[in-house]
Amino acid sequence: MIRTDDLHFGYDEQSILRGIDFRAETGDVTVLLGRNGAGKSTLLKHLNGLLEPDRGHVMIDGDRIQYDDDSLLSLRQEVGFVFQDPDDQLVAPTVEQDVAFGPINLGTDPTEAVEWALSRVGLAGYEDRLCSRLSGGEKKRVALAGVLAMKPKYLIFDEPTAGLDGDGTRALVDLIRELTNEGISFVVSTHYPDFAAAVGDTFTLIDDGQVACRESSLDEIPAKKYGLRGV
Ligand SMILES: Nc1ncnc2c1ncn2[C@@H]1O[C@H](COP(=O)(O)OP(=O)(O)OP(=O)(O)O)[C@@H](O)[C@H]1O
């Protein structure tokens with residue numbers, strides 16, 4: 001389980017998270033909802049140590065996140081993060097080099113992991129393509145493959161459908177459900193109720209820097225009251 005207790009965080013003087021008690025159960029797809037600027041990305045970035053709280057803490061399977069370099073390296077193998085904008089994530093010239101980056105950093109032979117990850121995202125055969133020439137949707141799949149290649153236990157996915165067309169979104173729903181059945185737990189943020197309903201097991205709404213509600217059905221989330229798209 002990923003949990004945060006009394007998590008506080010602000011950028012400069014601006015307080016963004018104000019006592020977040022968040023829970024993401026192992027085996028679930030936990031969907032994070034909230035209006036623009038509510039702090040969803042900021043919370044997600046705490047879950048694999050990209051941001052360090054001002055107060056409170058983050059626990060992964062009962063262990064508090066530690067922020068030294070060695071601890072963060074092993075944390076990021078266990079808890080992968082796919083950014084909203086793939087251009088913030090892709091680091092190497094070619095698809096194969098990019099997806100191999102994580103396993104190589106971990107000191108493992110990347111061959112099998114790269115082949116597996118690219119086939120899971122439907123990009124087998126793209127190994128030698130230049131990342132810079134890919135479409136937005138393809139870049140997003142490469143970014144996901146790069147995280148999958150690390151074989152994470154938890155996968156944090158910030159706005160996964162941003163920039164995807166209908167087919168891309170449907171394929172992503174199927175992939176997330178398959179990977180969940182294979183043992184990867186997801187935390188995803190989204191503004192799209194259809195996508196949320198299709199992938200989610202539980203739904204957490206962030207408002208005014210706090211958890212406003214947590215439900216096992218999207219229908220129970222008071223979308224209109226919190227400025228969200230309706231189901
Ligand atoms: N690096 C930063 N420096 C200063 N302020 C920031 C930074 N990143 C985000 N913010 C501010 O923090 C607040 C929360 O941003 P965040 O991206 O976490 O919201 P969000 O819920 O993910 O929004 P959206 O749904 O629009 O993506 C916003 O007011 C945003 O402007």
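How each quantity is defined
- Residues numbered from 1 in each chain as written.
- Predicted model: local features only at pLDDT ≥ 70, side-chain atom pairs only at ≥ 80, totals over all residues.
- Pairing = 2+ DSSP bridges.
- Helix = DSSP H or I, 4+ residues; strand = E, 2+ residues; numbered from the N terminus.
- Buried ≥ 20, exposed ≤ 12 C-beta atoms within 10 Å, placed from the backbone.
- Arc of directions from axis to C-beta.
- Contact = placed C-beta atoms within 7 Å.
- pLDDT = per-residue confidence, 0-100.

Undergrad: Can you explain the pairing of strand β2 (residues 14–24)? Please cite residues and give values.
TA: Bridge count for strand β1 (residues 2–11) against β2 is eight bridges, and the pairing is antiparallel. Residue pairing for β2: I2 is matched across the bridge by A24. Taking the residues between adjacent antiparallel strands as the criterion, β1 and β2 are bridged by two residues, where D12 takes a positive phi near 50 degrees.

Undergrad: Before we move on, can you summarise helix α4 (residues 111–120) with the specific residues and values?
TA: Burial in α4 covers these residues: A113, V114, A117 and L118. Within α4, the buried residues cover an arc of 120 degrees as seen down the axis, which keeps them to one side. Exposed residues on α4 whose side chains face more than 90 degrees from its buried face are T111, E112 and S119. Of the surrounding secondary structure, the elements contacted by the buried residues of α4 are α3 (95–105) and α5 (136–148). Residue G122 follows α4 closely and has a positive phi angle near 75 degrees.

Undergrad: Now, about unusual backbone geometry: what can you tell me, with residues and values included?
TA: Glycine aside, a negative phi is what most residues show, and trans is what most peptide bonds show. With a phi close to 50 degrees, D6 is a non-glycine residue in the positive phi region. For D6, the position within the fold is in strand β1. Look at D61: it is not a glycine, yet its phi comes out positive at around 50 degrees. On the secondary structure map, D61 appears in the loop between β4 (55–60) and β5 (63–64). Owing to 12 C-beta atoms within 10 Å, D61 belongs among the exposed residues under this scheme.

Undergrad: Can you explain helix α1 (residues 40–47)? Please cite residues and give values.
TA: In terms of residue burial, α1 counts as a mostly covered element, since six of its eight residues are buried. If you check which residues of α1 are buried, you get K40, T42, L43, L44, H46 and L47. G49, located one to two residues past α1, shows a positive phi value of around 75 degrees.

Undergrad: I'd like a description of the confidence of the model for the protein chain, backed by residues and values.
TA: Per-residue confidence for the protein chain gives a mean pLDDT of 95, with 100% of residues at or over 70. Model confidence for the complex is summarised by a pTM of 0.96, with the ipTM given as 0.98.

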